[in-house]
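Understanding the architecture of this molecule
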Amino acid sequence: MIVLGIETTCDETAAAVVERFEDGSGNILSNVVLSQAREHAAFGGVVPEIAARAHVEVLDVIIANAMTQAGLRYDAIDGVAAAAGPGLIGGVIVGLTTAKAIALVQNKPLIAVNHLEAHALTARLTDQTAFPYCLFLASGGHTQIVAVRGVGDYVRLGTTQDDAIGEAFDKTAKLLGLGYPGGPQVEKEAARGNATRFTLPRPMHGRKDADFSLSGLKTALRLEAEKIAPLTDQDVADLCASFQQAVVDVVFDRLRSGLLLFRARFGTPSALVAAGGVAANHAIRKVLIRLAFEVGATLVVPPPDLCTDNGAMIAWAGCERLALGLTDSLDVAPRARWPLDEVAAAEGARRRTAAYK
Ligand code: KG4
Ligand code: ZN
């Protein structure tokens with residue numbers, strides 16, 4: 001089974017072709033990603049209008065490249081998948097409409113994929129991870145702990161009440177005059193800083209739930225920075241180190257709660273799976289290694305280009321859904337918000353639709 005996948009929910013324009021074999025393993029035939037990071041750098045964050053326009057300008061070329069690199073014509077593919085949300089609605093419309101057009105013209109099934117579901121299922125493409133597993137998704141737009149029990153069977157165990165972890169890194173970088181995206185810059189500065197110089201809060205520490213809150217930490221950092229302004233290079237490094245250490249402590253405490261909740265409800269997870277750009281952070285990765293060891297689960301961290309937004313994860317989620325006969329009609333709507341727990345497999349979805357009628 002071969003599926004073309006399209007991703008346009010944030011600031012990456014991406015398309016990929018992925019094959020799924022009968023035994024459930026997968027193979028990436030092409031994976032083309034064009035990051036808009038440079039277009040947004042001057043603003044210190046993603047500007048929705050700029051993102052939507054940039055997707056329109058390049059998506060057809062990106063898709064053509066993905067098909068060429070896979071060495072395939074459209075008649076060789078079995079389905080067209082696109083991320084139908086959640087995300088910046090302008091971009092989602094561009095990707096989903098394009099997928100619909102290809103599906104219609106080529107007479108192929110359409111699979112409307114939830115972007116978070118695609119992150120959640122990537123570990124099955126890279127490592128053939130068995131259900132159930134615990135997903136820690138931390139990117140610029142999302143911070144979630146999810147029990148992945150099957151295709152279309154997700155239970156959210158924790159989420160952020162305000163900023164995403166990546167967003168907190170980006171805002172810290174912006175405040176300190178570092179570039180965008182901020183995560184890698186803050187990590188670099190932190191490496192030569194003193195993590196104990198500033199006392200920053202660890203929001204939500206010790207709570208039984210697995211939710212996050214980052215905005216208080218961000219404000220505390222700003223107040224510390226304002227107190228000692230103008231900042232020297234060493235001040236910036238120390239602020240970054242103190243901030244990163246606070247986030248590391250928060251992730252340890254919150255994810256540990258999430259894993260306890262997982263175990264109480266679903267037993268020991270087969271794996272702890274990380275996804276999203278934040279998983280690239282070495283200090284956070286150490287926390288993941290420690291926690292996976294503690295619960296006796298394997299740690300699965302897909303390679304960086306599959307951890308961050310890409311088309312292969314959409315194509316793969318499309319494969320997994322198509323293998324179960326889960327396709328969508330051409331009138332499926334793009335969604336800015338689409339919680340993972342609402343992504344049900346066919347039976348549940350049909351029952352819900354019937355109930356509305
Ligand atoms: O998954 P991703 O590429 O895109 C989405 O947001 O969907 O994640 C990007 C986020 C940014 O907020 C970036 O600052 C953060 O991941 N990030 C990091 C690191 N590398 C990327 N955060 C902390 N440390 C890093 N090394
Ligand atoms: Zn993402």
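Residues numbered from 1 in each chain as written. Chains lettered and ligands numbered in written order. Predicted model: local features only at pLDDT ≥ 70, side-chain atom pairs only at ≥ 80, totals over all residues. Heavy atoms only, no water.

A look at the overall build of the protein chain
The secondary structure content of the protein chain amounts to 12 helices and 10 strands. At 20 Å, the protein chain has a C-alpha radius of gyration in line with the 21 Å of a compact globule built from 357 residues. Principal axes of the C-alpha set define a box for the protein chain whose edges measure 65 × 45 × 40 Å. Here the protein chain holds 357 residues, and 53% of them are scored as buried. (Helix = DSSP H or I, 4+ residues; strand = E, 2+ residues; numbered from the N terminus. Rg over C-alpha atoms; globule rule 2.2 N^0.38 Å. Buried < 20%, exposed > 50% of the residue type's maximum accessible area, 1.4 Å probe, protein only.)

Topic: the sheet that holds strand β10 (residues 298-300)
Strands pair in a sheet through their backbones, by hydrogen bonds, and they do so in one of two ways: parallel or antiparallel. Ordered in space as β8-β7-β6-β9-β10, the 5 strands form an open sheet in which the pairing is mixed. Taken across any chain shown, the strands that pair with only one partner, and hence form the sheet edges, are β8 (153-159) and β10. Strand after strand, the sheet turns through a mean of 20 degrees between neighbouring axes, direction not considered. Of the pairings in the sheet, the one linking strand β6 (residues 133-138) to strand β7 (residues 143-150) comprises 6 bridges and is antiparallel in character. (Pairing = 2+ DSSP bridges. Axes fitted to C-alpha atoms, helices over the stretch in contact; angles between N-to-C directions.)

Some words on the environment of Val-251
Relative to the helices and strands, Val-251 resides in helix α8 (residues 233-266). Sequence-wise, Val-251 and Val-61 are 190 residues apart; in three dimensions their C-alpha atoms are separated by 39 Å.

Things to note about the packing of aromatic side chains
Tallying each qualifying case throughout the model produces 4 aromatic pairs. A ring pair is formed by Phe-131 and Tyr-133, whose centres lie 5.8 Å apart and whose planes are at 10 degrees; its orientation type is stacked. The exposure class assigned to Phe-131 is partly exposed, which follows from its relative accessible area of 27%. Under the relative-accessibility criterion, Tyr-133 is labelled buried at 0%. Both rings, one in Phe-169 and one in Phe-243, keep their centres 5.1 Å apart while their planes meet at 85 degrees; by these two values the pair is edge-to-face. Residue Phe-169 is located in helix α5 (residues 165-175), and its partner Phe-243 is located in helix α8; the two are separated by 74 residues in the primary sequence. Taking the ring centre of Phe-252 as reference, the NZ or CZ of Arg-290 above it sits at 4.2 Å. (Phe/Tyr/Trp six-rings, centres within 6.5 Å; stacked < 30°, edge-to-face > 60°. Lys NZ or Arg CZ within 6 Å of the ring centre and 35° of its normal.)

Remarks on the domain arrangement of the protein chain
Here the protein chain is partitioned into domain 1 (2-124 + 305-356) and domain 2 (131-303). Inter-centroid distance (C-alpha atoms) of domain 1 to domain 2 is 26 Å. Between domain 1 and domain 2, the contact holds 30 residues from the first and 26 residues from the second. Where domain 1 abuts domain 2, roughly 2100 Å² becomes buried across the two surfaces, and 67% of that area is made up of carbon and sulfur atoms. Linking domain 1 with domain 2 are 8 residue pairs in polar contact (both at pLDDT 80 or more), by the criterion used here. Listing elements by their share of the side of domain 1 that touches domain 2, those giving two or more residues are α1 (37-41), α4 (115-127), α10 (304-307) and α11 (311-323). The leading source of residues in the side of domain 1 that touches domain 2 is α4, at 9 residues. (Domains from an automatic or database assignment. Contact = heavy atoms within 4.5 Å. Buried area = accessible area lost by both parts, 1.4 Å probe. Polar contact = N/O pair within 3.5 Å; in protein donor to acceptor, adjacent residues only side chain to side chain.)

Topic: the site of ligand 1
Close to ligand 1 lie 18 residues; Gly-140, Asp-170, Gly-183, Glu-187 and Gly-277 are nearest. Taking Gly-277, its main chain carries an N or O atom lying 2.9 Å from an oxygen atom of ligand 1. Burial of ligand 1 by the protein chains amounts to 89% of its free accessible area of 550 Å². At the level of elements, α5 and α6 (182-190) are the ones that each hand at least two residues to the shell around ligand 1. (Near = heavy atom within 4 Å. Areas by Shrake-Rupley, 256 points an atom, 1.4 Å probe, with all protein chains shown as cover.)

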